[in-house]
Amino acid sequence: MAVDRKTVINDLRRIADKAEASGDRATAVKALRLAWDIACQGPANPKPPSIDTVIEIGQDAAALASRFNPEAVASIEAAVADLKACRLELAEAERENATLH
């Protein structure tokens, strides 16, 4: 499944609904505010984020998921670990390319 503005906004709204249902109004407001900002101010054609940004978001998602969906934490953490390994492989390949030129 592709990640686009619409799916991110829908996911944030679901998080807000779950947070409000559990009584965590602060998290619900934050999620709705972020969804609103993305919907109204997000660029039409965003630049893909760096792998470091994706890793940071994954770590934040794991922390948030631990509050509402503890079963999902392990898969999110595994995905973040895979991304970290890919980042290391990419850095190594870039070092090799730099020495070849």
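To keep things clear, this report deals only with the structure shown in the data block. (Residues numbered from 1 in each chain as written. Predicted model: local features only at pLDDT ≥ 70, side-chain atom pairs only at ≥ 80, totals over all residues. Heavy atoms only, no water.)

### A closer look at the overall build of the protein
Logical step 1: Of the regular secondary structure elements, the protein holds four helices and zero strands.
Logical step 2: Element order for the protein, N to C, with α for helix and β for strand: α-α-α-α.
Logical step 3: In terms of overall dimensions, the protein is more spread out than a globule: its C-alpha atoms have a radius of gyration of 17 Å, far above the 13 Å expected for 101 residues.
Logical step 4: Taking all 101 residues of the protein together, the buried fraction comes to 16%.
Logical step 5: A separation threshold of at least 6 residues defines the contact pool for the protein, and within that pool the share at least 24 residues apart is 58%.
Logical step 6: As presented, the protein carries roughly 7,700 Å² of accessible surface, and 58% of it is formed by carbon and sulfur atoms.
Logical step 7: Each charge class in the protein can be summarised by its mean position, and for the 13 positive and 16 negative side chains these summaries are 8 Å apart. (Helix = DSSP H or I, 4+ residues; strand = E, 2+ residues; numbered from the N terminus. Rg over C-alpha atoms; globule rule 2.2 N^0.38 Å. Buried < 20%, exposed > 50% of the residue type's maximum accessible area, 1.4 Å probe, protein only. Contact = heavy atoms within 4.5 Å. Areas by Shrake-Rupley, 256 points an atom, 1.4 Å probe, with all protein chains shown as cover. Lys, Arg positive; Asp, Glu negative; His and termini not counted. Charge placed at Lys NZ, Arg CZ, Asp CG, Glu CD.)

### Here we look at the nonpolar core
Logical step 1: By size, the foremost hydrophobic cluster in this structure holds seven residues: Ile9, Leu12, Ala16, Ala19, Ala28, Ala31 and Ala35.
Logical step 2: A per-element tally of this core places helix α1 (residues 5-21) first, with four residues. (Core = buried A, V, L, I, M, F, W, Y, C linked by side-chain atoms within 4.5 Å.)

### What to know about the pattern of salt bridges
Logical step 1: Inspection of every chain in the model, using the stated rule, returns six salt bridges.
Logical step 2: Here glutamate 20 makes a salt bridge to arginine 25, at a shortest N to O gap of 3.4 Å.
Logical step 3: For the salt bridge of aspartate 37 with arginine 33, the shortest nitrogen-to-oxygen distance reads 3.7 Å. Of the two residues, aspartate 37 and arginine 33 are both situated in helix α2 (residues 25-41); the distance of four residues between them amounts to about one turn of the helix.
Logical step 4: Residue arginine 33 is classed as exposed on the basis of its relative accessible area of 56%. (Salt bridge = Lys/Arg side-chain N within 4 Å of Asp/Glu carboxyl O.)

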